[in-house]
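Next come the chains, spelled out residue by residue.
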Amino acid sequence: MNFWCERAWLPDGLAERVLIRVENGAVASVSTVDTIPLGVRRLYGVVVPGFANAHSHAFHRALRGRTHDGGGTFWTWREGMYALASKLTPQSYYRLARAVYGEMALAGVSAVGEFHYVHDRSNEFGYALREAASDVSIRLTLLDTCYLAGGIDQPVNEVQQRFSDGTAQAWANRVSELKSDDVMKVGAAIHSVRAVPRAELSVVAQAFPDAPLHVHLSEQPAENEACLAAYGLTPTALLHEAGALSPRTTAVHATHLTPEDITLLGESGTGACFCPTTEADLADGIGPARELADAGSPLSLGSDQHAVIDPLLETRALEHNERLRTGQRGRFSPAELLAAATRHSALGWQGGRIEPGAPCDLVAISCSTPRTAGSLPQQVFLSATASDVDTVVVGGRVVASGGVHETLGDVGRLLADAVEELWA
Ligand SMILES: [Zn+2]
């Protein structure tokens, strides 16, 4: 199928009346045309590249709207999350992840990075996630996560037991059995400097030198304090010592950093994934996004614990957090914001640009809804939400239109059933 776009966001900006020809799921050519050829699918509004959701824990979706009584902190929220993790089976996780990835597809996500640590020393859960992504027709990077300790110098507790492979080498041996294909790319993750001891960090960093490597970094001040007390280094400096910072690495959150940390991340080309709606929901704080970008860290975005699944809101919150933090507007240009929302390279996939050779991943945002009407087309993704996503194309195929997934049907019903099953 070929596509005609009323307006499309091309590498050099917004263009009108764009014809995109597709071959084997990839963009074959992009041109502007005066008349609409017969037999093409018409996409109205503004068409942008498919979004990359660079940080996901699919099972956290079952906590949405259930954790707001009684206040607390990140650490008390984590107790509820552990209670949920203890209930997961490969079958229930498949059903939940399929519904969650369905919600992502409706919001325009064409690739997701799953930071995956509920694995029971088995690849059954990983393949369940692959099945879920395949059913939804989005790409998955399985960031299989090394998680060995309950904190610095602390053993894993009863719930965390199922996250641990025992040693980093045992983790690497298991992960090396996973096979990448067109749906799933296998990547690596260090859960955090809390969960992987100093001596094991370099084992994880070196295990898969060509794959993406992700790590939770300095989400909470307590992590920094514990790391400094134990090792005399910040978490960033510890990762640097282990050889874990490089252009294939993405530091997730990067909230509480020193100026030296920012320099280490930027100079090594390490990416930074911000998860603004989660960081707000969990009372994490606001990280130095502009400083990291200026230092050389490519930015990406993730919905993390899925209090919200909306790449457009996430994009807007990246800019809004900067405004709240600095008292200045326009900290990122629209092009920079869109680049962060479509950073497929953080997940090891091609994408993020509408150009020949790229996967044909398109998101048509309607410009005529109550939220978007009147916005300038080049700024519409700063006024739109996931509700304004009209059509989603992944690999040249329409996977969702009008808020309905082509093969899953009613995603809301699937989500309700999967969440209910877990809490029953
Ligand atoms: Zn996370």
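Let us look at the overall build of the protein chain. On a plain count of helices and strands, the protein chain comes out with 13 helices and 16 strands. The C-alpha atoms of the protein chain give a radius of gyration of 21 Å, which matches the 22 Å a tight globule of 424 residues would have. Within the protein chain, the proportion of its 424 residues that are buried is 58%. Within the protein chain, contacts between residues at least 6 apart in sequence are counted, and of these 75% link residues at least 24 apart. Taken as a whole, the protein chain presents about 16100 Å² of accessible surface, with 49% of it coming from carbon and sulfur. When the 33 positive and 49 negative side-chain charges of the protein chain are each reduced to one mean point, those points stand 4 Å apart.

Here we come to the sheet that holds strand β2 (residues 13-23). Pairing in this open sheet of 8 strands is mixed, and the strands run β3-β2-β1-β4-β13-β14-β15-β16 from one edge to the other. Lying at the two open borders of the sheet, with one neighbouring strand each, are β3 (26-32) and β16 (404-405). Where β2 lies against β3, 6 bridges are found, and the strand directions are antiparallel. Looking at the pairing, Arg-21 lines up with Ser-29 of β3.

At this site the zinc ion is bound by His-55 (NE2), His-57 (NE2) and His-216 (NE2), with donor distances of 2.0 to 2.2 Å. Of note, the donors binding the zinc ion are all from one chain and are spaced H-x1-H-x158-H. In this pair, the class of His-55 matches that of His-57, namely buried.

The subject of this paragraph is the sheet that holds strand β8 (residues 184-190). On the basis of which strands lie adjacent, the open sheet formed by 8 strands has the order β5-β6-β7-β8-β9-β10-β11-β12 and parallel pairing. One side of each edge strand has no neighbouring strand; the edge strands of this open sheet are β5 (51-56) and β12 (299-301). When strand polarity is set aside, the average angle formed by the axes of neighbouring strands in this sheet is 25 degrees. Across 3 bridges, the pairing between β8 and strand β9 (residues 213-217) is parallel. Pairing of Ile-190 across the sheet is with Val-215, part of β9. Contacting β5 and β12, helix α12 (residues 334-341) crosses the sheet at an angle of about 60 degrees to β12.

This part takes up the domain arrangement of the protein chain. Put simply, an interface is often sized by how much accessible area is lost when its parts join up. Looking at the assigned domains, one finds that the protein chain contains domain 1 (3-49 + 358-405) and domain 2 (51-347). The straight-line distance from the C-alpha centre of domain 1 to that of domain 2 is 29 Å. With both chains or domains summed, domain 1 and domain 2 bury close to 1900 Å², and 69% of this area falls on carbon and sulfur atoms. Sorting the residues of domain 1 by area buried against domain 2 places Phe-381, Leu-382 and His-405 first, and these three jointly supply 30% of that buried surface. There are 1 salt bridge connecting domain 1 and domain 2. Where Asp-361 meets Arg-139, a salt bridge forms, and the shortest distance between an N and an O atom there is 2.7 Å. Linking domain 1 with domain 2 are 7 residue pairs in polar contact (both at pLDDT 80 or more), by the criterion used here. Elements with a contribution of two residues or more to the side of domain 1 that touches domain 2: β4 (41-49), β13 (362-365), β14 (389-394), β15 (397-401) and β16. Among the residues making up the side of domain 1 that touches domain 2, the classes are represented as 16 nonpolar, 6 polar and 2 charged.

It is worth spelling out unusual backbone geometry at this point. Even without glycine at this site, Asn-24 takes up a positive phi of about 50 degrees. Among the structural elements, Asn-24 can be located in the loop between β2 and β3. Assessed through its relative accessible area of 84%, Asn-24 is described here as exposed. We note that Asp-304 has phi near 50 degrees; this positive angle belongs to a residue other than glycine. Looking at where Asp-304 falls in the secondary structure, it is placed in the loop between β12 and α11 (311-326).

Turning next to the nonpolar core. Ranked by size, the top nonpolar core spans 119 residues in total, and within it Phe-59, Tyr-101, Ile-190, Leu-239, Leu-292, Leu-299 and Leu-318 carry the most contacts. For this core, the leading source of residues is helix α2 (residues 90-106), giving 9 residues. There are two domains that each give this core at least three residues, and those are domain 1 (3-49 + 358-405) and domain 2 (51-347). Setting aside residues no more than four positions away along its own chain, Leu-239 makes contact with Ile-190, Val-193, Leu-201, Val-215, Leu-217, Ala-244 and Leu-245.

A few words on the packing of aromatic side chains. Each aromatic ring pair is described using two quantities: the centre-to-centre distance and the angle formed by the ring planes. Following the criterion strictly, the structure yields 12 aromatic pairs and no others. Aromatic side chains Tyr-82 and Phe-163 sit 5.9 Å apart centroid to centroid with 45 degrees between the ring planes, which places their arrangement in the tilted category. With Tyr-82 in helix α1 (residues 74-85) and Phe-163 in the loop between β7 (139-146) and α4 (168-175), the pair connects residues that are 81 residues apart, well separated along the chain. In this structure Tyr-82 comes out as buried when scored by relative accessible area, which is 4%. With a centroid separation of 5.7 Å and an interplanar angle of 80 degrees, the aromatic rings of Trp-171 and Phe-208 are classed as edge-to-face. Placement of the pair is Trp-171 in helix α4 and Phe-208 in the loop between α5 (198-207) and β9, with a sequence separation of 37 residues. Residues Trp-171 and Phe-208 agree in their burial class; the two are buried.

Definitions and limits used
Sequence positions are assigned chain by chain, starting from 1 and proceeding in written order. Local features in this predicted model are restricted to residues of pLDDT 70 or higher, and side-chain atom pairs are both shown and tallied only at a pLDDT of 80 or more, whereas totals for entire chains, interfaces and linings draw on every residue. Note that the side-chain values use all heavy atoms of the structure and ignore hydrogens as well as water. In DSSP terms, a helix is any run of H or I states spanning at least four residues, a strand is any run of E spanning at least two, and both are numbered starting from the N terminus. Both definitions apply: the radius of gyration is a C-alpha atom measure, and the globule rule equals 2.2 Å times residues to the power 0.38. Type-normalised accessible area, obtained with a 1.4 Å probe on protein chains alone, sets the label of each residue: buried when under 20%, exposed when over 50%, and partly exposed for intermediate values. The contact criterion used is simple: two residues touch if any of their non-hydrogen atoms lie within 4.5 Å. Calculation of accessible area relied on Shrake-Rupley with a 1.4 Å probe; when residues are assessed, cover is drawn exclusively from the protein chains displayed. Charge counting treats Lys and Arg as positive and Asp and Glu as negative, with His and both chain ends excluded. By convention, the charge on Lys lies at NZ, on Arg at CZ, on Asp at CG and on Glu at CD. A pair of strands is considered paired only if DSSP assigns at least 2 bridges between the two. Water is not part of the atom set, so a site may look incomplete; the donors themselves are N, O and S atoms within 2.8 Å of the metal, or 3.2 Å for Na, K and Ca. Here the axes come from fitting lines to C-alpha atoms, over the contacting stretch only for helices, and the angles between their N-to-C directions go from 0 to 180 degrees. In this document the domain limits rely on a domain assignment from an automatic tool or a database. A quick way to say it: buried area is the sum, across both parts, of accessible area lost when two parts are put together, with a 1.4 Å probe. Any Lys or Arg side-chain nitrogen found within 4 Å of a carboxyl oxygen on Asp or Glu counts as a salt bridge. Side-chain atoms alone can form a polar contact between residues adjacent in sequence; in general such a contact is a pair of N or O atoms within 3.5 Å, and within protein one must be able to donate a hydrogen while the other accepts it. Gly is put with the polar residues, along with every residue not named as nonpolar or charged; the nonpolar set is Ala, Val, Leu, Ile, Met, Phe, Trp, Tyr, Cys and Pro, and the charged set is Asp, Glu, Lys and Arg. As used in this record, nonpolar core signifies buried Ala, Val, Leu, Ile, Met, Phe, Trp, Tyr and Cys residues forming a set joined through side-chain atoms within 4.5 Å. Between 30 and 60 degrees the pair is tilted, below 30 it is stacked and above 60 it is edge-to-face, where a pair is any two Phe, Tyr or Trp rings, Trp via its six-membered ring, whose centres lie within 6.5 Å.

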